[in-house]
Structure formats: C-alpha cells, structure tokens
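# Examining the three-dimensional arrangement
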Amino acid sequence: MSLYEEVKVHGYEEFCKAVSDRKGKDIFAYFSGDKDADGNSWCPDCVKAEPIVRGEISHLPEGSVFIYCQVGQRDYWKNPNNDFKKTLKLSGVPTLLRYGTPQKLVEEECFKANLVRMMFTED
C-alpha cells in the first residue's frame, strides 16, 4: 500500500469535491491540459513535466493526497475567466501546488526534479 492517496479528477467542480472530501489532509495538486483518447495532452509542457513529477511522487509525505486534475480543453483553458484562473489563480499549466499554501511550481519549474522534491518534502 502506498503512503499517499492519488485521486484523478477532471474539471473544476470535481477538483473542489476532491479537496472538500479530504479536508484536513495535506493536499498536493497537479494541473494538466486534458488528454485525448490516446493519452496525449494538448499541452506540450504538461507532457514533458508529468514523468518528472511522477518520478518524485514517492517523496510525498505519508498520509497526503495527490490530486491529478485535467483542466479542460485548450480553448477552455485559454479563457481568462475560467474557474481555475479566476478562483485558484492558476496562470499556466502544468502547475503543481500545495493546496492552502503559497507553494506553487508553474510551467518550466515543473521540469526540475529538485524543485518538485523540495515541494513534496519541505513543510
């Protein structure tokens, strides 16, 4: 059994429900562009970052939650009024954040394994 729980969600409402259902837990969220039926994302940076983030996932704190959230199709994401940008203040994908804290890695920062590990291991 792994030391953390992984949850896969699609869209803002599912993300909010996943967070609400796990209130009080240490939550890390990774936001990525939607994938097609073949598992390919429209977001090239997301494709590049995902194996790096997944490579560091074993460093997640025990009892924590890792939420993998697909933000939608490219046209939805590009809308400046989408819920992710308006409410969560996301500026780009991929984004890895520690929910409820200012800790956030955006776009190319997610390519750096040492930064991802630091987010997973530091309080």
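Here the structure is shown first, and the text comes after it.
These lines cover the structure that appears in this document, whether it is placed above or below. Keep in mind that what you see is a predicted model, and the values were worked out from it rather than measured. Position numbers for residues count from 1 along each chain, tracking the sequence in the order it is written. Where local features are concerned, this predicted model is filtered to residues with pLDDT of at least 70; where side-chain atom pairs are given and counted, the filter is 80 or more; whole-chain, interface and lining totals use all residues. To obtain the side-chain values, all non-hydrogen atoms of the structure were included, while hydrogens and water were left out.

## Examining the pattern of salt bridges
- By salt bridge we mean one thing: a side-chain nitrogen of Lys or Arg within 4 Å of a carboxyl oxygen of Asp or Glu. A full pass over the atoms with the stated rule returns 7 salt bridges.
- We note a salt bridge from Asp21 to Lys17, for which the minimum N-O separation is 2.7 Å.
- Residue classification places Asp21 among the partly exposed residues on the basis of a relative accessible area of 48%.
- Note that Asp26 is salt-bridged to Arg98, the shortest N-O span being 2.6 Å. Residue Asp26 is found in the loop between α1 (12-20) and β2 (27-32), and its partner Arg98 is found in strand β4 (residues 95-98); the two are separated by 72 residues along the sequence.
- Its relative accessible area of 26% is what places Asp26 among the partly exposed residues.
- Any residue under 20% of the maximum accessible area for its type is buried, any over 50% is exposed, and the rest in between are partly exposed; the area is computed with a 1.4 Å probe on protein chains only. Take Arg98: its relative accessible area is 7%, and that puts it in the buried class.
- Each of the salt bridges in this network shares a partner with another, and the network as a whole consists of Glu6, Lys35, Glu50 and Arg54. Secondary structure elements follow DSSP: runs of H or I no shorter than four residues count as helices, runs of E no shorter than two count as strands, and numbering proceeds from the N terminus.

So, to be careful, I would describe these as geometric facts and stop short of saying anything about function.
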